[in-house]
Amino acid sequence: MTRAPSRHTGAARVARGGLLLAGLAAGCGDPIRYSDAEIARHTMLAGAPGGFLLGVATSAHQIEGGNHNDWTEWEPGRYADGSPHVKGGATTARGPDSWNLWPKDVEAVRALGANVYRLGIEWSRLEPTEGAWDADAAARYRAMLTALVETRPHAIAPMLNLYHFTLPPWVVARGGWEWEGAPAAFAAFAARAAEAFGDRVDLWCTINEPNVYVTKGFLSAEWPPGVHDPARALRVFARLLHAHGLAAAAIRARDRVDADGDGLPARIGIAHNVIVFDAASASPLDALVAHVADRFYNAALPDALAGGHIHLALPRVAAIDEPAPELAGSLDWLGLNYYTRRTVRARLDRTGAGAPYELVPDPSRAHTDLGWEVYPEGLYRVLVRFARYGWPVIVTENGVADRAGDMRPGFIRAHVYALDRARAAGVDVRGYVYWSLIDNFEWSHGYDGRFGLYTIDFAGDPTLARRPTPAVATFRQLARNVGLLDAAGSAAP
Ligand code: FCB
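Residues numbered from 1 in each chain as written. Predicted model: local features only at pLDDT ≥ 70, side-chain atom pairs only at ≥ 80, totals over all residues. Heavy atoms only, no water.

## Here we look at helix α10 (residues 182-197)
Taking 1.5 Å of rise per residue, the 16 residues of α10 would be expected to cover 22 Å, and the 22 Å separating its terminal C-alpha atoms lies within 8% of that figure. For α10, the set of buried residues is A182, P183, A185, F186, A187, F189, A190, A191, A193, A194 and F197. Packing partners of the buried residues in α10 comprise α7 (123-126), α8 (135-149), β3 (157-163), α9 (169-173), β4 (203-208) and α12 (230-254). (Helix = DSSP H or I, 4+ residues; strand = E, 2+ residues; numbered from the N terminus. Expected span 1.5 Å × (residues − 1). Buried < 20%, exposed > 50% of the residue type's maximum accessible area, 1.4 Å probe, protein only. Contact = heavy atoms within 4.5 Å.)

## Overview of the packing of α10 against α12
Two elements in contact, α10 and α12, have axes separated by 8 Å at closest approach and are oriented at 30 degrees. By the criterion of interaxial angle, the relationship of α10 to α12 is roughly parallel. Crossing angle aside, the handedness with which α10 passes α12 is right-handed. Along the contact surface, α10 presents P183, A184, F186, A187, A190, A191, A194 and E195, while α12 presents R239, H242, A243, L246, A247, A250, I251 and R254. (Axes fitted to C-alpha atoms, helices over the stretch in contact; angles between N-to-C directions. Parallel < 35°, antiparallel > 145°, perpendicular 65-115°, else oblique. Left-handed = near helix turned anticlockwise from the far one by under 90°.)

## A look at the site of the ligand
Lining the immediate surroundings of the ligand are Q62, H164, N208, E209, N273, Y339, E397, W435, E442, W443 and F451. Q62 is positioned such that a nitrogen or oxygen atom in its side chain is 2.7 Å from an oxygen atom of the ligand. Contact between the ligand and E442: an oxygen atom at 2.9 Å from a side-chain N or O atom of the residue. Protein contact buries 95% of the 290 Å² of open area that the ligand shows by itself. Looking at the shell around the ligand, its residues break down into four nonpolar, four polar and three charged. (Near = heavy atom within 4 Å. Polar contact = N/O pair within 3.5 Å; in protein donor to acceptor, adjacent residues only side chain to side chain. Areas by Shrake-Rupley, 256 points an atom, 1.4 Å probe, with all protein chains shown as cover. Nonpolar A, V, L, I, M, F, W, Y, C, P; charged D, E, K, R; others polar.)

## Description of the pairing of strand β2 (residues 116-120)
Extensive coverage of β2 is indicated by the burial of five of its five residues. Both faces of β2 are covered, namely the face carrying V116, R118 and G120 and the face carrying Y117 and L119. Examined bridge by bridge, β2 and β3 share five bridges and lie parallel to one another. Residue pairing across strands places G120 opposite N161, the latter belonging to β3. (Pairing = 2+ DSSP bridges.)

## A closer look at the nonpolar core
The biggest cluster of nonpolar side chains holds 145 residues, and the ones touching the most others in it are W177, F197 and W204. At eleven residues, the largest contribution of residues to this core is made by α12. Formed by 15 residues, the second largest nonpolar core is a distinct cluster that contains L53, A57, M159 and L203. (Core = buried A, V, L, I, M, F, W, Y, C linked by side-chain atoms within 4.5 Å.)

## Remarks on the pattern of salt bridges
Using the criterion set out here, one finds 28 salt bridges in the structure. In this structure, D278 and R341 form a salt bridge, with 2.9 Å as the shortest nitrogen-oxygen distance. Here the residue D278 occupies a position in strand β5 (residues 267-279), and R341 occupies one in strand β8 (residues 333-346), the gap between them amounting to 63 residues. Looking at D278, the relative accessible area reads 9%, which means it is buried. R365 is the salt-bridge partner of E377, the closest N and O atoms lying 2.9 Å from each other. Separated by twelve residues along the polypeptide, E377 in helix α14 (residues 377-387) and R365 in the loop between β9 (357-359) and α14 bring together distant segments of the chain. Classification of R365 by relative accessible area gives buried; the value is 8%. Within this structure, D278, R341, D362, E373 and R381 form a network of salt bridges that share partners. (Salt bridge = Lys/Arg side-chain N within 4 Å of Asp/Glu carboxyl O.)

## Side note on the environment of E150
Mapped onto the elements, E150 comes out in the loop between α8 and β3. Under the relative-accessibility criterion, E150 is labelled exposed at 51%. Along the chain, E150 and F296 lie 146 residues apart, while their C-alpha atoms are 42 Å from each other.

## Here's the deal with the packing of α14 against helix α15 (residues 408-424)
At their nearest, the axes of α14 and α15 sit 8 Å apart, and the two run at 30 degrees to each other. Classified by the interaxial angle, the pair formed by α14 and α15 is roughly parallel. By crossing handedness, the relation of α14 to α15 is classed as right-handed. Where α14 approaches α15, its residues L379, Y380 and L383 are matched on the opposing element by H415, A418, L419, R421 and A422.

## Some remarks on the pairing of β4
Burial of β4 is extensive: six of the six residues sit out of reach of the surface. Pairing analysis gives four bridges linking β3 to β4, with the strands arranged parallel. Its bridge partner being in β4, N161 is matched across the sheet by C205. As paired elements, β4 and β5 share four bridges and run parallel to each other.

## Brief notes about the side chain of H61
Assignment of secondary structure puts H61 in helix α4 (residues 60-64). A distance of 3.4 Å separates the side chain of H61 from the side chain of N67, its partner in a polar contact. Of note is the side chain of H61, whose polar atom sits 3.1 Å from the side chain of N69. Residues within four places of H61 in sequence aside, it is in contact with N67, N69, W71, T72, E75, T92, E122, T166, F441 and W443.

## A word on helix α11 (residues 210-219)
The buried count for α11 comes to eight of ten residues, which makes it a mostly enclosed element. Every buried residue of α11 is listed here: P210, N211, V212, Y213, V214, G217, F218 and L219. Contacts made by the buried residues of α11 are with β3, β4, α12, β5, α13 (284-307) and β6 (309-314).

## Observations concerning unusual backbone geometry
The amide bond that connects R152 to the next residue, P153, takes the cis arrangement and shows omega of 10 degrees. Take P153: it is sitting in the loop between α8 and β3. Here the bond from W435 into S436 is cis, since omega is 15 degrees, no more than 30 degrees from zero. Note that S436 resides in the loop between β11 (429-435) and β12 (454-455). For D97, which is not glycine, the phi dihedral falls at a positive 60 degrees. D97 gets classed as buried once you look at its relative accessible area, which sits at 10%. Even without glycine at this site, A221 takes up a positive phi of about 60 degrees. Within the fold, A221 resides in the loop between α11 and α12.

This is how it looks when you write it as structure tokens:
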């Protein structure tokens, strides 16, 4: 079905998340639907602005191997019913072993023609006990960052992520993010990182996906600390927001070196996971549930950052309303991690556990290996909606679990098409970062969620070679279109 321009407006209005509008959208089918033909005709990223960031992402714990943090304590554990915390009992004892094999990762990023690599540093390695600083670990991260910025003919800008779901054991011992001192402790870590790496790094990402951390760790109990408690969930969400604000201030105070020569020593963002919630029917109850999920999951974080005030609510269950003046002005850009949509039907038979809705999958849409609906139009909706806050936006994650590797090229093309539609509609999108560079530890799914542009045979290949999937060619086409690779496929200066 060809998309009619007027329907874009409708989609954007629905994406604002209003109850009434969500209701209007329900039952009307998709407000936008791209056709394969229009995606195939399109030249991806044509006319992207100079300096557009094109790259790939990983996180420290998912690729390094050999860490010691709350996840490594959680991984070998089991639930009360005997089922393992992680599918197949998988652990990160070695994983992709990027702690040792990082030069292969840098080489893979270079071969893609990327100009940005979103990577993490692991708090538990750098500060293994409170106030300590591991000089060897810092030196190794520094070597990685140096290799990235010294890549020729064009540098790969590191986008350095400071917190991506894992905590040092000493923080856990004090109560993790429920510890009142956790935001200040995190800010102290951020300050040291800014001092140690600021001459290599300008793009800082404070925290990855507070909403995902809280949902998995404190509502669904799938991740450590394995809690199901809405009031604690909101408290931790608020702590993470305060932590972001304090860390942003610390980075601005300590990173005084302009690493990339654009006149700015630090450009600070946060990576926010966004799921499109659509109501499964015209029933007001479905619309209500979609709306409540949207407010909590999607809107609360940017509202708090824009207004300097935290308002979190799980209606009739728990709420937090408190000022957070340190959040106002803390962001230079908003990172959006977009993967999928959920079409939801209210669950009336609630027992109090689990989500207040069930999913109603759209059979006309493809689903990934993890069962997530492929919904590229959602990226358009999300970009148009979140650009209204006024920050430049960067897609800091977008990707597909696809072990066979045959969905990924089309997935990337369709999502970049959506991004280009958003740019054409006036959205200030500054970058597209694919998750992930390599196959890695996909949290409770273990090694079952294969997101890598490069695949790794964890069981059969002791060298853990990073082997290109077909989507490497797709990504390199993007790099050619923005002038990072020349027509022959070599890196362009
Ligand atoms: C995101 C996480 C990332 C990875 C991808 C698939 O929510 O930030 O670590 O798990 O999903």
